[in-house]
Structures are given as C-alpha cells and as structure tokens.
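This is what each chain is made of:
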Amino acid sequence: MSMSYPVAPARPERNEVGGLVFDDPYQWLEDDDGDGVAAWQRAQDELARSHVHAWPHYDRLAARVGELVEQMDARNLVVPVRYGPRWFRGRVPDGRDLMVLEAADDVTGPWRTVIDLNELSTGGIPLRMSPQPSPDGRLLAYSLDASGRELPELKVIDIDTGKVLLDGVPQQRPGLVAWLPDSTGFFYMANADPDPAPRTASGQATEPDRAAGAGPAAARMPLRWRLFFHRLGQPPPTEPEPLDIPHMFAIPKISRDGRWALIQVDHLRPRPHFLARIEEPAGGSGPPSWQWREFITDTGHLYKGVLAGDSYVAVTTAGAPRGRLVRIPLDSPGDPASWTELIPGGDTVLTGVTLAGDRLVLGELVDTVSRVRILDLDGKELGEVPLPGPGSVSSVAQGVIALGVMDQVIGCEDAITFGYTSYTQSPAVYHYALDTGVLTRLQGAGHTLPGLVTTRIWATSADGTRVPCTLVHRADLDRSRPQPALIHGYGGFNVAELASYLGPVAAFVEAGGVYAHAHVRGGGEFGLQWWEGGRLHAKQNSFDDLYAIAERLIADGITAPDRLAVQGASNGGLLAGVAVTQRPALWRAVVCGAPKLDLMRVARDPVGTAATLSEYGNPNDPADAPVLMAYSPYHHVRPGTPYPAILLDAGANDPRCPAWHSRKFAARAQAATTSPHPVLLRVWPGAGHGGTAWTTIVEQQAYWLAFVMRELDLVPLP
C-alpha cells in the first residue's frame, strides 16, 4: 500500500544556470523560513519517525546499537596531544551529551577538566569546540560553535585561572589557530566580510545572536577567507595580513623553533603557497616581524608536509601518483631542481609525514592497510611502529584519512599518539614511545566481534577498471542463497575510507546480513589517480564502480536486488542519491545521509560552495554545468518510476549539505514513485554536518539501521 505524504505543491520556477534552462517545481522548499516550509518538514519528520519506530523490532535494535556503541568506548576516543608539559584530550562523560576537554601532566592521567561544554550549553543547544592549546600549555584558544551551524566564536583563556584573555573577534567563522612559539600571539583564519550580528566593543556577539550561533544572514554571507594575527593584550585585529589567498581553504602553520610560518592552501591538493621568515626585533625588544612571499604555487599536485629546520619535508604527488617524500629548502623559490628525494614513489600510498622531535613519522597505506615508519631527517628508516594488527591508523581514532588535511598520527618531542581500528576490532588510542619502542594502549575497550570473516572481492567497472570491495559477514552464513546485503560507499575528496570497526552496523551483520565496503574511485585509498578518476568530469566513474560491485554481489549469489541496500553520508549521500535515480531497480533500500542532491543550485550556500565546487565542478560554468546536470539526483527523479524504499537523513543546521537538498528530493520522489515502498525525510533538529549531541548521534545510527533492516526483512538477534 502506498503511503500518504504531506502535500508539497509544485510551483515551477524558471532557472538558467551555466547556460542550461530548466524549471524547478520545488525550489520554494530551499528557504528554511519560507511560507509553509517548516510545517511541511515537521510533518515529514513525524511521518518518517513514526513509520520506522512502528517496526516491532525497533526497540530491540536500538538497545543493541546502544550496547555496541558502549562496547567500543566511543565516548573516550579522542587522540591526546601534548603542548609544553601538558597533555590534552577530549571525551564525552557517561551520562552527558557534549565533550569535555581535559588536561594532565602525564599521558595516562590523572585528568582534570579545562572546559565542559555541558556546563556552557544553555537550553539544550549542542555545542562543538575546536581547541588549540598554546605551545607552553598555559593558554587555550578555542572556537565554539552552536547547533552545528559552523558559525563559531573565538576565545582564549588562561587554563590555570580560567581568566578570559580574548572573548571574540569581529570576523566571521574564526578558527585554525597557529600560535607563536612564545605563546604571545597567534595567526588565525576568518571570513573577512562584515559580521551581520551585533557585537560588543570586545568583538563578542550580543544576545540572542550568540546563543543561536548567529542568524540566517550570517550563514549566507559569502566566504572570503583571510589570515589575521592577534597579539594577546591588544584589541582584536580588524585588518587581515596583506595576502590574496587563492583558495577557499587555508591553514596557517608555524615551525617549532618559531623562525618560519607558512600558509597551507587547498584542502584537496594542499601546498605551502605562502612562506614567511619570522624576524626577531633588533636588540631583542618589541614584537617580531615577517613578510610573506610565494613558495609552492603548483596547483596540480599535493605537497603535504612539515617545517623542519630550514626545510619543508613533504609528501608530494609530483613525480609519483601515490606519493614520494622530498625535502625542499625554504630559501629556494620552490624550484624542484633544489629538492632532495628522501623516499621514492612506489606502490604504497604515502598519506603524510609528521615531525616528532628530530625524527620523521611516515604514514602509508599498503592495499588499504596502514603502516607507520620512523625515519631520521634524511629519510633513513629507524623502525616501524608495531601496530596491533592489519587495520587502519588515524589521528581521529576512526578508519578515515582525508589525505589533504589529516595525518595518521600526532607527534610530540619523543612520542606519537594515534587511533587504531579494524572491521572487527573496536577503536583504541595508542601512545608509542620513540626512544623505547613501547606501545601503550591509552583508551579503548579492546572489544572484538567474534565469529565474523572479512574477505576482499574485485569487480570490473564500466571502463574496465578493477574496483575492490571488502565483505564482512558471519562465518556460518548460508551462502547457498542470496542474503540481505548493505553496501557502504564514499568515494570523494581524496578521503581514504579504510577498515573501521563495524560498531552499530554489527547489529546488521550478526543478524545475518552481509556488509560490503565499496572502495570506489574518488577516494584516496589508491593515490592521486584513484581520486582523479572519480571527480569533476570523471565523477560518473564513482557511480559505475558502485554498480559493478552490486552486480558482482548479485552474480556471485551473495545477494539479490530485492535484498540489497546502499548507504552513504555526505559525499556518500550523493553517491546513494545518484544510485537510486540512475539504477532504481538495483536496490531494495537506499539511505542518503547528509546528502547534496541538487547540484545545479549548490552555489547558493557559501560553505557548501567552498566544500564542494572544487570536487564536483561549478554549475555556473558552461563547461561543468552539463556534466553536473547529467547525474544531479534531484533532476533525474522520473514520474512513474517504481522507486525502492528511500530514507533522506539530514541535519537541520547543516551548512555543508543543507536540509533543503533532502526536502526537494523527498517532495519530487514522493510525487514520482509508483511503488509501495516509502520515501522518508528525517531532519534532525540541532544537528549540523555530523555535529550534535551524543544521544542524537546514537539515535541516528539506530534509526537508519532500523529502516534498512525493516525493508530487507532482517530481524535483530534476541
């Protein structure tokens, strides 16, 4: 029986984008504050919530998901980092919803609270913090964001006294702090356009704008990132550094000895575009000075590295598509003829290099399995970190590495810290002492999932490329007939999605389902060419890779179209959205989490523009527009199509993949489908792009799993 949906009238509006002309019947649903939009969204959300919660096995599954989350000790899995004599870590205490930042004199504790977001939150508003302690460990700069809107405030406190040394700056979206080594000041990035929210003389947002994280006008303000410098004890800066930053993403970095500063530009192909020598004043009195110059301006390759002495030591894809390690003199104009190759390119993917005292720590992927080696400053191997097993290492205790901006480990003077996980081994946080070679587990329950097997299969994509997929299922699974299967994929932004503990998804596998992790092109698992092969005008390859894997699973008798689901979030939400519109008959259920689904109007959102145009293309560019229109999911919903069950899962405050994408798609798909399967829209209040309260995060996992298991007729174990 078909469902009865809240009515969304079609109100066609003519668009001309990138030379293409089309009518948009649900453009009115883009405006959060538009007439009838909020009421329609609430009705959709209630329908979706009641439908899934009415499944008689929902409570049992939710309880099992809660158990699995607690077993993996996820509340405590933040990799600690040392500044001066102090270690810092974050965790979510039992019974609380938000993070607490703690400090200790030893990496094993005892820990004391520095900031408790639970105490700062008013009215149940979820808060998220990005902390950056000073090099001496005495001060803390942190950006504080409310409700996932990514409109943070910047503050500085004295850790010992709690005294507020900076209570806001006049720019929008401040963050990415880089301290001077003497802890007297710092660089930070911010949006240089005027902040529409009223502020006090100190730069602090006035009420009620502060509590709400600023309003719609601030969220829609165009992005123009600039670098600022603030010296403690002086008023917040109003003028940026005299730099024309040629990208929407940039990070300042300062060498440990304080003699050099650089600006790393681009989140996909990072490069030290600007460099400055920090000069001490004559006679030793007064503030230091600096003058910026261009350093590495090549936009075609990745240069991700660290300042070491008078060199920049970096992993680069120049001359090696999977990366090589080079040393670049800082006094050169970035001329490759002056570089020294420390580690040549090969079959392994070099993910990044970290400085730990006078040693380099090199992260690598060997067929999607992590390896970490210790080198001297000339690239000579000193040893390999003894990992707990074949799995993934990351600085965020998850099996994910964004190769443009993340490292696998965090380094300090004599040690490294990192997170480790595998499909069946719960995440744990480790400390590795470089001098003694002792590996110590700091956090993590060490929980395993017994009775499961992990295998690798390969499928051949439309252009002949072989694409891997990792399967996880019960060892005693009946392979004589098709079983429920769930494909998860991402495939974008040079992000390597590696082996990661199943966690809540274990409830699906232990009930008899097959979990399939698709390593499609667009990701960073196999280097530059793998990423380039699934982005911009080659983006269709990502989708073809997914279909090839699904067809391989079906051909091998592992599953069947009426027992197959696909799920992805963020870029993976787009992957799922394309899959359901291009190949609707291939799936029984589809979950689009935090998706972008209308690629012709993404430029209306400043954060979404900054995050995605360089990966997908610009709809306003006549060269890109036809490519985007060819797969933009919203524009390919066809009336009279028997669509599978679809769940659109969005955060109400998500600035990167705003909920209007899901609203428009839901309205169009509900009007178009001829099947009895539901098309559901769930928009979570107070949620951003992955940032919300702990209880909501756990509930979100239980909810989409319940949707899938209900549609695939898979019952959780008693």
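All of these numbers come straight from a predicted model, not from anything done at the bench.

## Brief notes about the pairing of strand β22 (residues 349-356)
Next, step 1: Among the eight residues in β22, eight count as buried, and that is most of the element.
Next, step 2: The pairing of β22 with strand β23 (residues 359-366) spans seven bridges and is antiparallel. Paired with Leu355 across the strands is Leu360, a residue of β23.
Next, step 3: Hairpin geometry of β22 and β23 is characterised by an intervening segment of two residues between the two adjacent antiparallel strands and by a positive phi of about 65° at Gly357.

## Some words on helix α12 (residues 659-672)
Next, step 1: Taking 1.5 Å per residue, 14 residues should reach 20 Å; α12 reaches 20 Å between its end C-alpha atoms and fits that length.
Next, step 2: With 13 of its 14 residues buried, α12 lies for the most part within the structure.

## Some remarks on the nonpolar core
Next, step 1: Residues Ile487, Leu546, Ile549, Trp587 and Leu648 are the most contacted members of the largest nonpolar core, which totals 83 residues.
Next, step 2: A total of seven residues in this core trace back to one element, the largest contributor, which is helix α8 (residues 540-555).
Next, step 3: Here Trp587 is in contact with Ile487, Leu546, Tyr547, Ala550, Pro561, Leu564, Ala565, Val566, Ala579, Val580 and Pro644, once residues within four sequence places are set aside.
Next, step 4: Residues Ala48, Ala499, Ala645 and Val708 belong to the second largest nonpolar core, which totals 45 residues.

## Examining the packing of aromatic side chains
Between two aromatic rings, the relevant description is the distance of the centres plus the angle of the planes.
Next, step 1: Counting across every chain of the model gives 15 aromatic pairs.
Next, step 2: An aromatic cluster is defined as three or more aromatic residues linked by ring pairs; in this entry it consists of Trp179, Phe186, Tyr188 and Phe228.
Next, step 3: Sitting above the plane of the Tyr634 ring, Arg668 keeps its charged end 4.5 Å from the centroid.
Next, step 4: Note that Arg682 overlies the ring of Trp684, its terminal NZ or CZ placed 4.0 Å from the centroid.

## A few points about the packing of helix α1 (residues 37-53) against α12
Next, step 1: Two elements in contact, α1 and α12, have axes separated by 12 Å at closest approach and are oriented at 70°. By the angle class used here, α1 and α12 are roughly perpendicular. At the point where α1 passes α12, the crossing takes the left-handed sense. For the pair α1 and α12, contact is made by Val37, Trp40, Gln41 and Gln44 and by Ala659, Arg663, Ala666, Ala667 and Gln670, respectively.
Next, step 2: Of the residues that constitute the contact of α1 with α12, the class distribution is five nonpolar, three polar and one charged.

## Things to note about the packing of α1 against helix α13 (residues 694-711)
Next, step 1: Close contact between α1 and α13 brings their axes to 9 Å; oriented N to C, the two are set at 65°. Along this stretch, α1 crosses α13, giving a crossing that reads as left-handed. Contacts between α1 and α13 involve Ala48, Arg49, His51, Val52 and His53 on the former and, on the latter, Glu699, Tyr703, Ala706, Phe707, Arg710 and Glu711.
Next, step 2: A per-class count over the contact of α1 with α13 returns five nonpolar, two polar and four charged.

## Concerning the confidence of the model for the protein
Do not read the fine detail of predicted coordinates wherever pLDDT is low.
Next, step 1: On average, the protein scores 92 in pLDDT, and the residues at 70 or more come to 95%.
Next, step 2: This stretch, residues 194-215, has a pLDDT under 50; its non-local contacts, to residues over four places away or in other chains, come to 44 contacts.

## Considering the pattern of salt bridges
Opposite charge on two side chains permits them to pair, given that their charged atoms come into close proximity.
Next, step 1: Within this structure, the stated rule accounts for 47 salt bridges.
Next, step 2: Residue Glu102 is joined to Arg91 by a salt bridge in which the shortest nitrogen-to-oxygen separation is 2.9 Å. Here Glu102, found in strand β5 (residues 100-104), pairs with Arg91, found in strand β4 (residues 86-91); they are eleven residues apart in sequence, far enough to count as distant.
Next, step 3: For Glu102, a relative accessible area of 5% corresponds to the buried category.
Next, step 4: In this structure, Asp605 engages Arg604 in a salt bridge whose closest nitrogen and oxygen atoms are separated by 3.4 Å. Just as Asp605 is buried, Arg604 falls in that class too.
Next, step 5: Among the charged side chains, a salt-bridge network with shared partners connects Asp24, Glu30, Asp598, Arg601, Arg604, Asp605 and Lys664.

## Observations regarding the sheet that holds strand β9 (residues 153-158)
As a general point, the strands of a sheet are linked pairwise by backbone hydrogen bonds and lie either parallel or antiparallel.
Next, step 1: Spatial strand order, β7-β8-β9-β10: four strands in an open sheet with antiparallel pairing. The open sheet has two edge strands, β7 (127-133) and β10 (164-167), and neither has a second partner. Sheet twist, expressed as the mean angle between neighbouring strand axes with direction ignored, is 20°.
Next, step 2: Here three bridges tie β9 to β10, and the two strands are oriented antiparallel to one another. Bridging from a neighbouring strand, Lys155 pairs with Asp167 of β10.

Reading the values: rules and limits
Residues numbered from 1 in each chain as written. Predicted model: local features only at pLDDT ≥ 70, side-chain atom pairs only at ≥ 80, totals over all residues. Heavy atoms only, no water. Buried < 20%, exposed > 50% of the residue type's maximum accessible area, 1.4 Å probe, protein only. Helix = DSSP H or I, 4+ residues; strand = E, 2+ residues; numbered from the N terminus. Pairing = 2+ DSSP bridges. Expected span 1.5 Å × (residues − 1). Core = buried A, V, L, I, M, F, W, Y, C linked by side-chain atoms within 4.5 Å. Contact = heavy atoms within 4.5 Å. Phe/Tyr/Trp six-rings, centres within 6.5 Å; stacked < 30°, edge-to-face > 60°. Lys NZ or Arg CZ within 6 Å of the ring centre and 35° of its normal. Axes fitted to C-alpha atoms, helices over the stretch in contact; angles between N-to-C directions. Parallel < 35°, antiparallel > 145°, perpendicular 65-115°, else oblique. Left-handed = near helix turned anticlockwise from the far one by under 90°. Nonpolar A, V, L, I, M, F, W, Y, C, P; charged D, E, K, R; others polar. pLDDT = per-residue confidence, 0-100. Salt bridge = Lys/Arg side-chain N within 4 Å of Asp/Glu carboxyl O.

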